[in-house]
Structures are given as C-alpha cells and as structure tokens.
Amino acid sequence: MTYKLGLIGYPIKHSLSPWIHKQFLEVANLQGNYSIFEVREVELTELVQTIKEKSVTGFNVTLPYKQKIIPLLDDLDPSAKHIGAVNTVLNKEGRLVGFNTDGIGYLRSLEQSFPDLTNNKQVNILIIGAGGAARGIYNALHQAGYTSIAIANRTIEKAKELSRHSESAILTLDQAEENLAIFDLIIQTTNVGMKPNQGDSPIKLDGMKSSTIVSDIIYQPIWTTLLQDAKMKGAQIHHGHSMLLYQAQYAFEIWFGVTPSLRNMNSQLKRILEG
Ligand code: NAP
C-alpha cells in the first residue's frame, strides 16, 4: 500500500516537512508520498474535501491555516482544542481529526537534549511569547509536571489568558529582563529574530546566570541573535530545528502508530539550515 500524506499552507515551497517525512517513511519501512498543497484561502475548503475523498492518511497544516482549518474538520483532539490551532490532521475512516503536536514535540526535544530536566521539574522556566506555539509548549510543560513557569509577552493580556487555569507569574518583557537571574530555562517562542529580521532579539540577556539553558524555537536562522548572545555568555543552547523534528515525529506517530527513529536527522538538519 502507498500511503498519501501532505502539507497544507501558503507559501510552503521551501518547507522542510517533505524531507523529514520521506525519511520517517523510509525508517518505518512504509511506502508513501508526502505532497505539498500550496493553496490560497478560497481553495482551502475544496482541497480538504478532495483530500478526504482521496483517502489521504493524514496531513500537516501550517501558516496561515492553523486556525482556519478547524471548521473544516470533524473532530479535535483535546490538545488542539485547548491550543485553538491544528498542525496535524488524521483521516480516521473518513473523519478528519485535528491535533497539535508542537507542545509534545517541544517537550521531547528539550528532554532529549537535557535528560536531567526529567528528574528536576522544579526548575524555574521563563516562556517569552504567548502565541500558538507558546500555548502548546506551556500546556505540555505543565502537564509533564513542571511547576514553575513564568510567561513574558509584549501583550500582557495574552499572557494572562494563556495561564488562565494555573498560577504563573506574568511579566512584561522589561520585567523579564530585570529578573533573568531567577530562571534556569528560558524558552523564546516569539517571531522576533526570525529571517529576514535576524538582527532582532526580544530581550537582552545581561542579567542571566551562565548555567541557564536558552532555547529558541525559531529555526531560520538556526543561530538567532538571542542564541548567539546566550552562547557568548556561557549558557547551554537548545535550537529550534530539534522541535521541528520531534513535532513531526509525533505527527507520524498519530498517522501510523509507530515512532520513527530520528537517526542522524538532527545533525543533518542543522547542517542544512546552517547552509
Ligand atoms: P503567533 O501565534 O503569531 O505568536 C507570535 C508571538 O510573537 C506572540 O507572543 C507575539 O506577541 C510575539 N511577537 C510578535 N512580534 C513581536 C514583536 N515585534 N515584539 C515582541 N513580541 C512579538 O506565532 P506562533 O505560531 O506562536 O509562532 C511563533 C514562532 O515560533 C515563529 O517564529 C514560528 O516559526 C516558530 N515555531 C517554530 C516551531 C518549530 O517546530 N521549531 C513550531 C511552531 C512555531 P503579542 O502577543 O504581543 O502579539
């Protein structure tokens, strides 16, 4: 059997997902195609209908359709419902079910790079940003038992909304800068520093202690200004491409019920992104 997979978004010609999922298919010893469905919003409803009829096993969804896809699906997994955004869809016997793999993917990538964290859930964590990715990451950390998570965001109301059901410190970006020495792990989830604005950084790290882990989920560029700054100050670094791989691994798991090994994809992808 040849499985059909794909990605919906716009623009997505340079997406890394086909490269990732073709390797996963190979590792899992499955025959399949991963197609790019680069469509305008007016074409979205028809495309989803066609996908359903053509027995596509599953597909990924990226910008700008992570929310717009929701009314076109039959059901949502609790994580996607909570986050309010879908990046993975499973065609379950003709019913399209939406999932969000960002949070679990991030958590797996983090704990794989820093296994000691799994036994130290009391670390002080700062999440910078309160958008869709931050929501997934916050929920996954919270559910995994991490107890001290502060959120700093440009729009303070969004940070409050994110921590509605739990007790988290809410900070402005300036307050986060002033209190950086408290944190053992800083997770940068905003768009700030992404190509073509790679000179930007959401905060300065002057007050940070050198043992801190600094994680940036942006992967283009792989060395954001924030991570370069963190490295100069002696921090431990966690790059965004590893979240990309692990969130894709979890999507593959949802489609096929098997967890493909990443083999050496982490270092391969890093090399590709470093150009
Ligand atoms: P989003 O929902 O649009 O959220 C954007 C966040 O960035 C918000 O917190 C927003 O603050 C903040 N922000 C934007 N411009 C800002 C500025 N000039 N100054 C300060 N804060 C600013 O986006 P998202 O889906 O969460 O994605 C965010 C980033 O994560 C993107 O770079 C994306 O590529 C990356 N990402 C990576 C992976 C991966 O696998 N590595 C997966 C998903 C996303 P306000 O609330 O104030 O607007």
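Here the structure is shown first, and the text comes after it.
Here the structure is a predicted model, which means the values were calculated and not measured. (Residues numbered from 1 in each chain as written. Predicted model: local features only at pLDDT ≥ 70, side-chain atom pairs only at ≥ 80, totals over all residues. Heavy atoms only, no water.)

1. Quick look at helix α5 (residues 132-143)
Consideration 1: Helix length check: α5, at 12 residues, gives a terminal C-alpha distance of 17 Å against a target of 16 Å (1.5 Å per residue), a fit within 8%.
Consideration 2: All of the buried residues along α5 are Ala 133, Ala 134, Gly 136, Ile 137, Tyr 138, Asn 139, Ala 140 and Leu 141.
Consideration 3: After α5 finishes, the residue Gly 145 shows a positive phi value of roughly 105°. (Helix = DSSP H or I, 4+ residues; strand = E, 2+ residues; numbered from the N terminus. Expected span 1.5 Å × (residues − 1). Buried < 20%, exposed > 50% of the residue type's maximum accessible area, 1.4 Å probe, protein only.)

2. Comments concerning the sheet that holds strand β10 (residues 185-188)
Consideration 1: The strand order across the open sheet formed by 6 strands is β9-β8-β7-β10-β11-β12, and the pairing between neighbours is parallel. Only two strands of the sheet have a single partner each, and these edge strands are β9 (170-171) and β12 (236-238).
Consideration 2: Pairing of strand β8 (residues 148-152) with β9 involves 2 bridges; the strand directions are parallel. Across the sheet, the residue bridging to Ala 152 is Leu 171, located in β9.
Consideration 3: Together, β7 (124-128), β8 and β10 form the strand contacts of α5, whose direction differs from that of β7 by roughly 165°. (Pairing = 2+ DSSP bridges. Contact = heavy atoms within 4.5 Å. Axes fitted to C-alpha atoms, helices over the stretch in contact; angles between N-to-C directions.)

3. Here's the deal with the site of the ligand
Consideration 1: Inspection of the region around the ligand gives 21 residues, with Ala 133, Asn 153, Thr 155, Met 194 and Ile 217 positioned closest.
Consideration 2: Separating an oxygen atom of the ligand from a side-chain N or O atom of Arg 154 is a distance of 3.0 Å.
Consideration 3: Here an oxygen atom of the ligand and a backbone polar atom of Asn 191 are 3.5 Å apart.
Consideration 4: Elements with a minimum of two residues in the shell around the ligand: α5 and α9 (240-256).
Consideration 5: The dominant element in the shell around the ligand, judged by the number of residues it contributes, is α9, at 3 residues.
Consideration 6: Its residues assigned to classes, the shell around the ligand shows 9 nonpolar, 9 polar and 3 charged. (Near = heavy atom within 4 Å. Polar contact = N/O pair within 3.5 Å; in protein donor to acceptor, adjacent residues only side chain to side chain. Nonpolar A, V, L, I, M, F, W, Y, C, P; charged D, E, K, R; others polar.)

As far as function goes, none of this settles anything; it's purely spatial.
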